[in-house]
Amino acid sequence: MEICSIRESMAREGQKARVRGWVYRHRASKTAVFVIVRDATGIIQCTFKPDSKNFADAEKLLMESAIEIEGTVKKDERAPGGFEIGAECLKTIHLAERFPITKDQSPEFLLDNRHLWVRSRQMTEMMKIKDTLLVSAREWFHSQSWTEVTPPILTSNACEGGSTLFEIDYFGQKGYLSQSAQLYLEALIFSLGKVYSITPSFRAEKSRTRRHLAEYWHLEGESAFAGNDDNMKTQEQLISHICQRIAEKHSAELKELGRDPEDLLRIKPPFKRLEYDSAIKILQKKGIQIEWGADLGTEEERELTANEKIPVFVTNYPKHIKAFYMRENPKDPRTVLNADLLAPEGYGEMVGGSERETDIKKLIERLEKESIPIKNYEWYLDLRKFGSVQHSGFGLGVERLIRWVCKLEHINEAVPFPRTMNRIYP
Ligand code: 4AD
Ligand code: MG
């Protein structure tokens, strides 16, 4: 008999089905053996009665054994998912050893056994949602005539400051793992207009936080003839589209993760906009010790959005705390034309974006002020010499968005094999 998926088997009430997967739960008594089987589409309970020919083999199964089961599909209110298979035949493809992951393991143990923990329901649900995030992002960009490009990961430039660079020995020359594709995307707008990329980005983050990874997935866009407002409009449309798709496709997974799909359906443009100036005043009113000029940290971002249901743009930060490439605000040269997008419910920054400085003199001044060797940026300065135009772009941390969408405690739950300061294994 042909194999069907577990989801397909549930549409075969009263008929025979043959499913294939791994033992998710196993319980044996004298009167029956209950095996819950898992595949990529779901779980189903299979019940072996003592008179079934493979009863003894079913009794011996251990968690995560690979099996094939054939039987008759029945409705059963008590079974998880509402259906069960009255098992008639069992084939053990691989009898597993005793699975090391049992209930109530420490987070550290689960990280050491990540290659096995990736089979868990939570990780599986997260990865399915992440897939939809990436597919729907591409879908949106494509529908708006943006071009996906493939920038390098090995680079000689620091885009986001020297302190979080991973240095590599590039054939005897100093090289780095990319922190952001931005500078390369800026070069590509001159031929393609609106470009985006989805790449790993690397940050040697030496602090342990719940929202920093050493390696994360970065979705970046850059557009010619776009100002800071256009940039925000792009982001709110893109993120709204992603949220709608995830809600439509994954309502069951979201509910299991504790996220109400309605929370995502509510994400629609326009998002709230708040100037940095006003943000500081709001925070001071709440009694938080912060002065104009200081960067917003985890605490401040949480205070600003704890009661928000949709994302909030904080705009026009002080120039001296932001990267050299952000355009000086013509109305207030102490600030730049930028926007950080904060997730709802206090989850913090998800996107960093800005209009880019086109004034080559100002760019050189900013590089010098930060003691960045101009020599390495000559190619970048060239972009201001040959048909320079107003342009803007942004970078979205995929795991930051997933963390909010899936209500995850720690960002390392938003990636199958997290890379953090203390972990490169497995
Ligand atoms: O704000 P960032 O540093 O901005 C840039 O890299 C720009 N060059 C992007 C651009 O304009 N093309 O990083 C962008 C986003 C952050 O908002 C955050 O979501 C994510 O990248 N991010 C991290 N995510 C996980 N772990 C880390 N260590 C991250 N650092 C930044
Ligand atoms: Mg940022």
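Residues numbered from 1 in each chain as written. Chains lettered and ligands numbered in written order. Predicted model: local features only at pLDDT ≥ 70, side-chain atom pairs only at ≥ 80, totals over all residues. Heavy atoms only, no water.

Q: Is there a simple way to think about the nonpolar core in this case?
A: The nonpolar side chains of a soluble globular protein tend to be buried, and buried together. With 41 residues, the main nonpolar core has Leu219, Ile402, Trp404 and Val405 as its most contacted residues. With sequence-adjacent residues up to four places away left out, Trp404 is seen in contact with Cys243, Arg259, Asp263, Leu264, Ile267, Ala343, Pro344, Glu345 and Tyr347. Listed in part, the 21 residues of the second largest apolar core include Phe48, Phe55, Leu61 and Ile85. (Core = buried A, V, L, I, M, F, W, Y, C linked by side-chain atoms within 4.5 Å. Buried < 20%, exposed > 50% of the residue type's maximum accessible area, 1.4 Å probe, protein only. Contact = heavy atoms within 4.5 Å.)

Q: Help me out: how do you make sense of helix H11 (residues 298–305) in this one?
A: Each α-helix turn comprises 3.6 residues. Residues three or four places apart therefore point the same way. Every buried residue of H11 is accounted for by Glu300, Glu301, Leu304 and Thr305. Down the axis, H11 shows its buried residues gathered within 115° of arc, on one side only. Next to the buried residues of H11 lie strand E12 (272–275), helix H10 (276–285), strand E13 (312–315), strand E14 (338–343) and strand E15 (348–355). (Helix = DSSP H or I, 4+ residues; strand = E, 2+ residues; numbered from the N terminus. Arc of directions from axis to C-beta.)

Q: What is the right way to read the pairing of strand E8 (residues 167–170) from this model?
A: Consecutive side chains of a regular strand alternate in pointing toward one face of the sheet and then the other. Across four bridges, E8 lies against strand E9 (residues 173–177) in antiparallel orientation. In the strand pairing of E9, Ile168 is matched with Gly175. Between E8 and E9, which pair antiparallel and follow one another directly, the connecting turn spans two residues, one of which, Phe171, has a positive phi of 50°. (Pairing = 2+ DSSP bridges.)

Q: It is not clear to me how the packing of aromatic side chains should be interpreted in this structure. Could you clarify?
A: Any two aromatic rings considered together are summarised by their centre-to-centre distance and by the angle between their planes. Scanning all chains against the criterion turns up twelve aromatic pairs. For the ring pair Phe324 and Tyr380, a centre distance of 6.1 Å and an interplane angle of 80° mean the geometry is edge-to-face. Taken together, the positions of Phe324 in the loop between E13 and E14 and Tyr380 in helix H13 (residues 378–382) put the pair 56 residues apart, joining distant regions of the chain. The pair Phe324 / Tyr380 is uniform in exposure class, with both members buried. An aromatic cluster of at least three residues, connected via ring pairs, comprises Tyr184, Phe324, Tyr325, Tyr377, Trp379 and Tyr380. The positively charged end of Lys322 is found above the aromatic ring belonging to Tyr317, 4.4 Å away from the centroid. Across the ring face of Trp292, the terminal group of Arg334 is positioned such that the distance to the ring centre comes to 4.2 Å. (Phe/Tyr/Trp six-rings, centres within 6.5 Å; stacked < 30°, edge-to-face > 60°. Lys NZ or Arg CZ within 6 Å of the ring centre and 35° of its normal.)

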